[in-house]
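Observations on the model geometry
Spelled out from the first residue to the last, the chains are:
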Amino acid sequence: MKYESEFELGNYLSDAAAVLATRSDSPRLDAEILLGLVLRKPRSYLHAWPERMLDEEERHRYNLLIRRRFSGEPMAYISGVREFWSMPLRVNRQVLIPRPETELLVEKALNHIPEDEEVRVLELGSGCGAVSLAIAHERPQAEVISVDISEDALTIARLNAKLFKINNVEFLHSNWFDAVRGQKFNVVVSNPPYVINRDEFLLAGDLRFEPELALAGGDDGLECFREIIDRAHNYIVRQGWLLFEHGTDQERGIRRLLEAQRYYDITCYQDAAGHDRVTECRFVE
Ligand code: GLN
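Structure report, in brief. From a predicted model like this one, the values you see are computed outputs, not experimental measurements.

Topic: the sheet that holds strand 4 (residues 143-148)
Taken in spatial order, the seven strands line up as 5-4-3-6-7-9-8 in an open sheet, and their pairing is mixed. At either end of the open sheet lies a strand with only one pairing partner, and these are strand 5 (169-173) and strand 8 (263-270). This sheet shows a mean twist of 15° between the axes of neighbouring strands, independent of strand direction. Pairing of strand 4 with strand 5, which is carried by five bridges, proceeds in the parallel orientation.

Have a look at this one:
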């Protein structure tokens, strides 16, 4: 009898949670979400039927997922989904996992996009599309152009636009501004790679599994900001806005770059954890 009960879902869950306890802050939750994926059932089902037996194939598939999580792979890559701005977006290992603090970038950008005007918005570095899709969703009148150098990222971003039926955003393959030469935008936003190269950070935690292309920002982490700030004023309407997400210790470096290029009204905002996270500014010709 004992042998059989080992295959009961409730016991299996407890064992899996115990295995993950050394690797995750939320082992029980992770174990439940992963079993839900295997059985294609909501977590409530697991609570309702703890004595339901897992067959051999289910146990096999579950063990594989638990092993991936145990190796440190982020839940978002295993499940293929991460929620951002209340949208469960598709993600894979070709794109950065959207961070909750990036919602601050969306919030600040929306402040400069009136609801009833046909504002043109440009995002540099679409990733899975999180920021562009949130803005486009909140401002149906706006026309959002979103560029990325990674075709793989664009594939995911376009899929997300389709899944959420968001039609006022166009995803383009481009190295920063290259594909939008000659165009002007009211608002330009970017969450570029800004982690210092060879930072022990890149080798730690979730970042190990994320694309370096989306994270590594050169020796001082400011390389992408430098390039974008050098070029951005050609693409921003008079008194238009430029907004960045950046690292917690990059506010001063970015401010210096902006001041050297005649940007003004420079303001830095803190995220929910109290860290410098978003800087906005305007451009005057
Ligand atoms: N916020 C991310 C991190 O430090 C980095 C994102 C980025 O480089 N744009 O985990």
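Observations concerning the nonpolar core
With 40 residues, the main nonpolar core has Phe84, Val106, Leu133 and Ile135 as its most contacted residues. Those elements that provide at least two residues to this core are helix 6 (75-79), strand 2 (87-90), helix 7 (103-110), helix 8 (130-138), helix 9 (151-163), strand 5, strand 6 (185-190) and strand 7 (236-245). Broken down by element, this core gets its largest block of residues, six residues, from helix 8. Within the second largest apolar cluster, 26 residues are counted, among which are Val188, Leu222, Tyr235 and Cys281.

Some thoughts on a nonpolar patch on the surface
On the surface, a nonpolar cluster with roughly 200 Å² of combined accessible area is contributed by Leu29, Ile33 and Leu37. When you line up the elements, Ile33 lands in helix 3 (residues 27-39). With a relative accessible area of 30%, Ile33 lands in the partly exposed category.

Some points on the side chain of Ser146
Turning to its location among the elements, Ser146 is positioned in strand 4. You can call Ser146 buried: its relative accessible area is 0%. For Ser146, the side chain forms a polar contact with the side chain of Ser132, separated by 2.8 Å.

Side note on the pattern of salt bridges
Under the criterion given, the structure shown has 16 salt bridges. Residues Arg61 and Glu57 are paired through a salt bridge, measuring 3.3 Å at the closest nitrogen-oxygen approach. A residue pair is termed a helical-turn pair when its members lie 3 or 4 positions apart in one helix, as Arg61 and Glu57 do in helix 5 (residues 56-70) at four residues. When the shortest N-O distance is used, the salt bridge between Glu251 and Arg255 registers 3.0 Å. Of this pair, Glu251 and Arg255 are both found in helix 11 (residues 251-259), four residues apart, which corresponds to roughly one turn of the helix.

Some thoughts on the site of the ligand
Every residue lining the ligand is accounted for by Leu96, Arg99, Asn191, Pro192, Pro193, Tyr194, Val195, Phe201, Leu207, Ala214, Leu215 and Glu245. A distance of 2.8 Å is found between a nitrogen atom of the ligand and a side-chain nitrogen or oxygen belonging to Asn191. Starting from 300 Å² of accessible surface for the ligand in isolation, the protein chains cover 91%. Of the residues that constitute the shell around the ligand, the class distribution is nine nonpolar, one polar and two charged.

Looking at the packing of helix 10 (residues 223-232) against helix 11
The N-to-C vectors of helix 10 and helix 11 enclose an angle of 20°; their axes lie 10 Å apart at closest approach. Put simply, helix 10 runs roughly parallel to helix 11. In terms of crossing hand, the pair formed by helix 10 and helix 11 is right-handed. Touching Phe225, Arg226 and Ile229 of helix 10 are Ile254, Leu257 and Leu258, all from helix 11.

Each value, and the rule that gives it
Residues numbered from 1 in each chain as written. Predicted model: local features only at pLDDT ≥ 70, side-chain atom pairs only at ≥ 80, totals over all residues. Heavy atoms only, no water. Pairing = 2+ DSSP bridges. Helix = DSSP H or I, 4+ residues; strand = E, 2+ residues; numbered from the N terminus. Axes fitted to C-alpha atoms, helices over the stretch in contact; angles between N-to-C directions. Core = buried A, V, L, I, M, F, W, Y, C linked by side-chain atoms within 4.5 Å. Buried < 20%, exposed > 50% of the residue type's maximum accessible area, 1.4 Å probe, protein only. Patch = residues over 30% accessible without salt bridge, like charges linked within 9 Å, V, L, I, M, F, W, Y side chains within 5 Å. Areas by Shrake-Rupley, 256 points an atom, 1.4 Å probe, with all protein chains shown as cover. Salt bridge = Lys/Arg side-chain N within 4 Å of Asp/Glu carboxyl O. Polar contact = N/O pair within 3.5 Å; in protein donor to acceptor, adjacent residues only side chain to side chain. Near = heavy atom within 4 Å. Nonpolar A, V, L, I, M, F, W, Y, C, P; charged D, E, K, R; others polar. Parallel < 35°, antiparallel > 145°, perpendicular 65-115°, else oblique. Left-handed = near helix turned anticlockwise from the far one by under 90°. Contact = heavy atoms within 4.5 Å.

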